[in-house]
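# Coordinate inspection notes
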Amino acid sequence: MPLTDKLVGGLMLVTSITVFTYYTVWTLFTPFLPPSSPLHSLFPAREWAVRIPAILMLSGLTAIGAFVGLIMVKSARKKAKVKAKAA
């Protein structure tokens, strides 16, 4: 089991470093390259450099809000059930 945890952690680390490097090159270095550079063909249009993080953040916040709301509803139901038994 510990080996798989280290493997998963290492894979997550390598993935995050790769995504960070790709995004950094895309957003910080490609604007300074000439438009005829073949490096531009490796990246989407620059407007997506803002859209993708915004979509991911909106999705993440929606998921967190839904999770908190679900927990609050379950907690309220549990309290109501305890009150009904006590009465």
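In the block above lies the structure referred to throughout.
The paragraphs below set out a description of the structure included in this document. No experiment lies behind these values; they were computed from the predicted model shown. (Residues numbered from 1 in each chain as written. Predicted model: local features only at pLDDT ≥ 70, side-chain atom pairs only at ≥ 80, totals over all residues. Heavy atoms only, no water.)

### Observations regarding the overall build of the protein
Scanning the protein for helices and strands turns up 2 helices and 0 strands. Taken over the C-alpha atoms alone, the protein extends approximately 75 × 35 × 15 Å along its principal axes. Going through the 87 residues of the protein one by one, you find that 7% of them count as buried. (Helix = DSSP H or I, 4+ residues; strand = E, 2+ residues; numbered from the N terminus. Buried < 20%, exposed > 50% of the residue type's maximum accessible area, 1.4 Å probe, protein only.)

### Side note on a nonpolar patch on the surface
On the surface, Met 57, Leu 61, Ile 64, Phe 67, Val 68, Ile 71 and Met 72 cluster together into a nonpolar patch covering about 740 Å² of accessible area. Relative to the assigned elements, Met 72 resides in helix H2 (residues 48-86). When its relative accessible area of 57% is taken as the criterion, Met 72 is described as exposed. (Patch = residues over 30% accessible without salt bridge, like charges linked within 9 Å, V, L, I, M, F, W, Y side chains within 5 Å. Areas by Shrake-Rupley, 256 points an atom, 1.4 Å probe, with all protein chains shown as cover. Salt bridge = Lys/Arg side-chain N within 4 Å of Asp/Glu carboxyl O.)

### Focus on the packing of aromatic side chains
Summed over all chains, the structure comprises 3 aromatic pairs. With a centroid separation of 5.8 Å and 90 degrees between ring planes, the pair formed by Tyr 23 and Trp 26 is classed as edge-to-face. You can see Tyr 23 and its partner Trp 26 sitting in helix H1 (residues 2-29), 3 residues apart, about one turn around the helix. For Tyr 23, a relative accessible area of 32% gives the class partly exposed. Exposure remark for Trp 26: the relative accessible area of 3% places this residue in the buried category. A connected cluster of aromatic rings, assembled from ring pairs, spans Tyr 22, Tyr 23, Trp 26 and Phe 43. Taking the ring centre of Trp 48 as reference, the NZ or CZ of Arg 51 above it sits at 4.9 Å. (Phe/Tyr/Trp six-rings, centres within 6.5 Å; stacked < 30°, edge-to-face > 60°. Lys NZ or Arg CZ within 6 Å of the ring centre and 35° of its normal.)

### Looking at H2
Across its 39 residues, H2 extends 56 Å between first and last C-alpha, which sits within 8% of the 57 Å expected from 1.5 Å per residue. Little of H2 is tucked away, with 1 of its 39 residues classed as buried. (Expected span 1.5 Å × (residues − 1).)

### A word on the side chain of Thr 30
Along the chain, Thr 30 turns up in the loop between H1 and H2. Beyond its immediate chain neighbours, meaning those up to four positions away, Thr 30 contacts Val 25, His 40, Phe 43 and Arg 46. (Contact = heavy atoms within 4.5 Å.)

### As for the environment of Arg 46
Position of Arg 46 among the secondary structure elements: in the loop between H1 and H2. In this structure Arg 46 comes out as partly exposed when scored by relative accessible area, which is 48%. Residue contacts for Arg 46: discarding those within four places in its chain leaves Trp 26, Thr 30, Pro 31 and His 40.

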